[in-house]
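Architecture and fold: a report
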Amino acid sequence: MINQVKEIPVEGITYKSLRVKKKPLLAEYVPPPPELVPRAKRAVCIDPAHTCMPLGAMWATLGVHRAIPFVQGAQGCTTYVRYTFSRIFREPATIANASFHEDAAVFGGRKNLVRGVRNLVCRYQPELIAIVTTCSSEVIGDDIHSFLDEALDLMEEELGPEVREAVKFVVVNTPSFAGSHVEGYNRACREFLKTLARKSGEAGEHVYLIPGMMTPGDIRELKHMMELMGVSHRVLFDISETLDCPLVGMPNRIPYYPPGGTPVEAFVRAGDAQAVWALSPDAGSAGAQWLERRYKVPAYVVTMPIGLRNTDHFLRSVAEATGRPIPDRLRWERGILLDAMADTLHYTMMKKVALCGDPDFVAAATRFVCELGMIPTYILVGTKSRRAEENIRQACEEYGHQPVVMNGGDQFEWEYALKNDIPDVILGHSRCVNIAREIQVPLVRFGFPVYDRVGYQREPIVGYRGGERFLARIVNAILDHQYPDDRTHQ
Amino acid sequence: MSAQPLVPFWQNPCGLPSRPGLGQRACAFFGARYVLGPVKETIQLVHGPVGCGYYGRLVRGVPYPLYTTALTEKEVVFGGLDHLARALREAFALNPEARGAFVYLSCVSGLIGEDVAGLARLFEEKGLPVKTVACPGFSSFSQAGGHALAYEVLLGLVKPGPLAEEPTVNLLGEYNVAGEARVIKGLLEGLGVKVHTVLTGETSWSELEALTRAHLNLLLCGSTAQALAKELKSRFGMPFERVSFYGPAAIARSLKKMATFFGLPEKKVLLQIRKGEDRLQKVLPSYKDLLSGRRALLLLGAGKLGPLARMLRELGLEVVAAGSIFGREEDHQELRAYTDLVSDNPTEDELEYLLKFLKPDVVLTNARDQWRPIKLGFPTLSFPQTVDRGPYTGYEGFVNLARDLVKVISAPVWRFFARDQS
């Protein structure tokens, strides 16, 4: 845009003069027929805002120590996910694949599973293999459990009986046509606990947290808060030390495994947990609720702790369940967030904001932007979720806003709405870049997936400290875009 | 080479099915989408669950638009053909400028046996050309099957027509990674040769229909586009030449080939080659000092390996081992001139053994696999390169490659830790 400004005025350029009015629509531009804009009235899906179930299950598995997801499907089902993860985390992630070829489509994936699992066990010595099904194996109707029995029998013959103890198996049924990646994570969560969790009778000393598809930075922030509370805790599917690890050099033992991850033993002892929190209602609550039903572990399903009230709510529930007071240190952090909110209210108040992303992230962030005095206008919930919509409605009612909620819509619908009613800022994932460029609105990245910013995965947005940083990111984006550099401080 | 330590590295030949649990390959849909993605004036629609539509946009560096029918349980059980027909009609309504549509079949639609070809005929009768790309993920051993399918579809679009007046060529198997097409066009235009279309880096439905305008097809990537070149020759009598613009020797050879074909004055060609090589001489010697004698490990699609090994040798590097994700035996033959350790579809643990025992100075691999060697402390250059790194083709591309190699090898970060823990 800058090269369109003919002369640079002597007194400096204001941002207003930098922003060039959009060119009038080209003559050949035909607006889409209005009846085809809402997703519900269309058969064709344009730029879906969610992806398929196996990704969620693989994400969860990669948070377990020495665990490998084994994808029972065609090779692409892994390639894309590996590529997605590698773009988000910039970390190696081992994901195995059954390599379905034409014969598997005809005769079923028995041979692929039996041989594949054996190959994995021999070469990678994992502690856990999660068998993640795909649409192809589900349509063929693979009987995974009987295949697995056969694989175990053969491995026992070949490698000795200790193989049954050494490697644990979890089967997660994730046909991609039945839900989104959020549901995939949710199912994986339930299946992991169903398969592994036991109750020994003696009371465990830990509380359990199921983070959902949070980034490593978020999980570290959760741990930080729990440490301040003095609550001994375990995070299930802890990707903070598997998908964000230091560069170490050549490991002594090949193959390389990241040092961290939730140990399998933590899942086994989950039946003794004092309490369990699902921090993403749509990704993980199934696991928490199963623990409650089966082993009477008190389960708390809370909105993701983004922003002030959501974090308050989460910490209060922890305090009530464990009987621990909220320490001064956390009150201090809360105060800092409050201070930041008060300091910057000029830049956030009455700014129109559009949101896009997974239900848990969007529902929590909507409340946060309301707390900042912003006006949510168009909210795209990538995966259809009643709970997220309720949360959004509730938050917006409290603050007197009436946003348009596109529950389970696609990005085409949302972007069309944005073009006709341009917001001041967009909160969304990296796939919102195009629309942000087109309508010249700053984009604050959050949620899944963020792949075009370095270090995003290490920056928390949950908790008070995360909220403060998230706020800073939002305000800085607005400042960068709307205010000349020399007039920001008053 | 004989002095190399014994490495647990399975030397697999090409063309074998993947070993379950150990593959790093992609699926047929990936290959088809890779080739067809950039074709303009088309509607691209994947008939499958939402995941294939979501991921189909990240096959190429540029997220080319892709529609999907986002099949749900209902359609999987009761058939999704009506849904597809509706989706296609809507897609045409939303894109009045489209000349036609490509419908990709993914695993699900392949398995439930949808008669998409029949539906395509119905649309064609209405004057809306719909081409079916039957590329369920399981239908081939690797993405190569998808490439072949996609080129078959493209071949179906070509119509006989008049020849162009000036010397004109098509570039086949040129995917315009980081602006390669621009560099090649520049080289050819220096000789007075026009480029009609770039398959499939920069092309459109109309350009494909008029493909026979060109006098000559230049075959840049043998593994993906060879069948197309042969078929164009037998059907339309279009001759093809195998060329490469990777590395100065290959550029000179290719330009001379072109000159002979079009009967261009030799002086003009030699002048252009000299001009390019003079430019190289200005910057390359300082890079070569840093690069010569360095040892490289390659892990990429086989078609890319041969030209890359050649360029590395021209820069003074030695290739210690090469693994292809997928490829043809001819590609492996070409590679054996550079290294003895050649395998197809190596696994992650094999890669780690290679790194441990061979200790290469630089690893060249693809974007998905680059983080493992980096984590283990090896300078790594990833492919396809991003736009900011520029193309690796032509004279300027050769400099770009040398510069990037120097960048990754001489980055100070590799000095701050002990690579070997044991």
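Reading the values: rules and limits
Residues numbered from 1 in each chain as written. Chains lettered and ligands numbered in written order. Predicted model: local features only at pLDDT ≥ 70, side-chain atom pairs only at ≥ 80, totals over all residues. Helix = DSSP H or I, 4+ residues; strand = E, 2+ residues; numbered from the N terminus. Rg over C-alpha atoms; globule rule 2.2 N^0.38 Å. Contact = placed C-beta atoms within 7 Å. Domains from an automatic or database assignment. Nonpolar A, V, L, I, M, F, W, Y, C, P; charged D, E, K, R; others polar. UniProt positions renumbered as here; feature names shortened; annotations may be inferred. Pairing = 2+ DSSP bridges. Axes fitted to C-alpha atoms, helices over the stretch in contact; angles between N-to-C directions. Parallel < 35°, antiparallel > 145°, perpendicular 65-115°, else oblique. Left-handed = near helix turned anticlockwise from the far one by under 90°. Buried ≥ 20, exposed ≤ 12 C-beta atoms within 10 Å, placed from the backbone. Core = buried A, V, L, I, M, F, W, Y, C linked by C-beta atoms within 7 Å. Expected span 1.5 Å × (residues − 1).

**Looking at the overall build of chain A**
On a plain count of helices and strands, chain A comes out with 20 helices and 14 strands. Against the 2.2 N^0.38 benchmark of 23 Å for 490 residues, chain A shows a C-alpha radius of gyration of 24 Å, consistent with a compact globule. Viewed in the frame of its principal axes, chain A has a C-alpha envelope of about 80 × 60 × 45 Å. Of the contacts made within chain A by residues no fewer than 6 positions apart, 73% connect residues no fewer than 24 positions apart.

**Section: the domain arrangement of chain A**
All names here are of chain A. Each assigned domain of chain A is listed with its residue range as follows: domain 1 (53-196), domain 2 (207-243 + 256-326) and domain 3 (344-458). Taking the mean C-alpha position of each, domain 1 and domain 3 sit 34 Å from one another. Listed by partner, the interface residues are six residues for domain 1 and eight residues for domain 3. No other element matches the four residues that helix α3 (residues 76-89) contributes to the side of domain 1 that touches domain 3. Looking at side-chain class alone, the side of domain 1 that touches domain 3 contains three nonpolar, two polar and one charged residues.

**What to know about the UniProt feature "domain: Nitrogenase/oxidoreductase component" (unreviewed entry) in chain A**
UniProt records the feature "domain: Nitrogenase/oxidoreductase component" (unreviewed entry) at residues 52-478 of chain A, using the numbering of this structure. With 49% helix and 13% strand, the stretch residues 52-478 of chain A has end C-alpha atoms that lie 33 Å from each other.

**Notes on the UniProt feature "domain: Nitrogenase/oxidoreductase component" (unreviewed entry) in chain B**
Following the UniProt record, one finds the feature "domain: Nitrogenase/oxidoreductase component" (unreviewed entry) at residues 27-409 of chain B. In the segment residues 27-409 of chain B, helix accounts for 50% and strand for 18%; the C-alpha atoms at its two ends are 33 Å apart.

**A look at the sheet that holds strand β13 (residues 342-344) of chain B**
The strands that make up a sheet are held in pairs by hydrogen bonds between backbone atoms, and each pair lies either parallel or antiparallel. All names here are of chain B. Strand order in this open sheet of five strands is β13-β12-β11-β14-β15, and the pairing throughout is parallel. For this open sheet the edge positions go to β13 and β15 (380-383), each flanked by a neighbour on one side alone. Across this sheet, the average inter-strand angle for adjacent strands is 15 degrees, counted without regard to direction. Pairing analysis gives three bridges linking strand β12 (residues 318-324) to β13, with the strands arranged parallel. Considered in β13, the bridge of alanine 322 is made with valine 342.

**Observations concerning the packing of helix α1 (residues 28-36) of chain B against helix α7 (residues 143-157) of chain B**
Residues and elements named next belong to chain B. Direction vectors running N to C along α1 and α7 enclose 45 degrees, while the axes themselves pass 6 Å from each other. In this view, α1 runs oblique relative to α7, as classed from their interaxial angle. As for how α1 packs across α7, the hand of that crossing is right-handed. Packed against α1, whose contacting residues are Ala28, Phe29, Phe30, Gly31, Ala32, Tyr34, Val35 and Leu36, the element α7 presents Gln143, Ala144, Gly145, Gly146, His147, Leu149, Ala150, Tyr151 and Val153 at the interface. Here the contact of α1 with α7 is built from residues that sort into twelve nonpolar, five polar and no charged.

**Here we look at the interface of chain B and chain A**
The interface of chain B with chain A comprises 64 residues on the first partner and 59 residues on the second. Of all the elements in the fold, those that place two or more residues in the side of chain B that touches chain A are α1, α2 (50-55), β3 (67-68), α3 (73-78), α4 (81-94), α5 (107-112), α15 (348-358) and α16 (371-375) of chain B. Here the side of chain B that touches chain A is composed, by residue class, of 35 nonpolar, 15 polar and 14 charged. Judged from the two bridges that link them, strand β1 (residues 45-46) of chain A and β3(B) form a sheet pairing that is antiparallel. Note that in β3(B) the partner of Ile46(A) across the bridge is Tyr67(B).

**Some points on the environment of Asn420(A)**
Residue and element names in this part refer to chain A. For asparagine 420, the position within the fold is in helix α18 (residues 411-420). Residue asparagine 420 is classed as exposed on the basis of its C-beta count, with 11 C-beta atoms lying within 10 Å. Through-space distance from the C-alpha of asparagine 420 to that of isoleucine 478 is 20 Å; in sequence the pair is 58 residues apart.

**Notes on the nonpolar core**
Core analysis: the largest hydrophobic core is formed by 280 residues, its most contacted members being Phe70(A), Ala130(A), Ile210(A), Val133(B) and Leu298(B). Take this core: its biggest share by element is eight residues, from helix α16 (residues 359-371) of chain A. Once you skip the residues sitting within four places of it in the chain, Phe70(A) turns out to touch Ala96(A), Ala98(A), Gly116(A), Val117(A), Leu120(A), Ile129(A), Ala130(A), Ile131(A), Val132(A) and Gly21(B).

**Observations concerning the domain arrangement of chain B**
Residue and element names in this part refer to chain B. Once the domains are mapped, chain B shows domain 1 (28-140), domain 2 (168-270) and domain 3 (281-415). Computed from C-alpha coordinates alone, the two centres of domain 2 and domain 3 are separated by 26 Å. Listed as interface residues are 19 residues of domain 2 and, on the opposing side, 23 residues of domain 3. For the side of domain 2 that touches domain 3, the secondary-structure elements that each account for two or more residues are α8 (180-190), α10 (222-236) and α11 (248-262). Here the side of domain 2 that touches domain 3 is composed, by residue class, of twelve nonpolar, six polar and one charged.

**Some points on the sheet that holds strand β9 (residues 299-301) of chain A**
Residues and elements named next belong to chain A. The strand order across the open sheet built from four strands is β7-β6-β8-β9, with neighbouring strands paired in parallel fashion. Only two strands of the sheet have a single neighbouring strand rather than two, namely β7 (233-235) and β9. Sheet twist, expressed as the mean angle between neighbouring strand axes with direction ignored, is 20 degrees. Of the pairings in the sheet, the one linking strand β8 (residues 276-278) to β9 comprises three bridges and is parallel in character. Of the residues in β9, the one forming a bridge with tryptophan 277 is tyrosine 300. Each of β6 (207-210), β8 and β9 is contacted by helix α12 (residues 285-295), which is oriented at about 155 degrees to β9, the strand it contacts most.

**Looking at unusual backbone geometry**
That bond from Ile254(A) to Pro255(A) is cis: its omega, 5 degrees, falls within 30 degrees of zero. Among the structural elements, Pro255(A) can be located in the loop between β7 and α11 (264-268). The peptide bond linking Phe383(B) to Pro384(B) adopts the cis configuration, its omega dihedral lying at -10 degrees. One non-glycine residue with positive phi stands out, namely Ser99(A), at about 50 degrees. The class for Ser99(A) is buried, based on 28 C-beta atoms found within 10 Å. Of note in the backbone geometry, Met350(A) takes a positive phi value of approximately 60 degrees without being a glycine. Following the sequence through the fold, Met350(A) ends up in the loop between α15 (345-348) and β10 (352-357). What makes Met350(A) exposed here is the crowd of 10 C-beta atoms within 10 Å.

**Digging into the environment of Glu348(B)**
Summarising the element assignment, Glu348(B) is placed in helix α15. When the C-alpha positions of Glu348(B) and Gly23(B) are compared, they lie 8.9 Å apart, and in sequence the two are 325 residues distant. Beyond its immediate stretch of four places on either side in the chain, Glu348(B) contacts Thr94(A), Pro255(A) and Arg372(B).

**Quick word on the packing of helix α14 (residues 328-343) of chain A against helix α20 (residues 463-482) of chain A**
Residue and element names in this part refer to chain A. Running from N to C, α14 and α20 cross one another at 15 degrees; their axes reach a closest spacing of 8 Å. Classed by the angle they form, the pair α14 and α20 counts as roughly parallel. Along this stretch, α14 crosses α20, giving a crossing that reads as left-handed. Residues Leu330, Glu333, Arg334, Ile336, Leu337, Ala340 and Met341 of α14 touch α20, and the partners they reach there are Tyr464, Arg465, Gly467, Glu468, Leu471 and Ala472.

**Quick word on helix α13 (residues 302-314) of chain B**
Residues and elements named next belong to chain B. Across its 13 residues, α13 extends 19 Å between first and last C-alpha, which sits within 8% of the 18 Å expected from 1.5 Å per residue. Across the 13 residues of α13, eleven count as buried, placing the element largely inside the fold. Within α13, the full set of buried residues consists of Ala302, Gly303, Lys304, Leu305, Gly306, Pro307, Leu308, Ala309, Arg310, Met311 and Leu312. Within two residues after α13, glycine 316 carries a phi angle of roughly 95 degrees, on the positive side.

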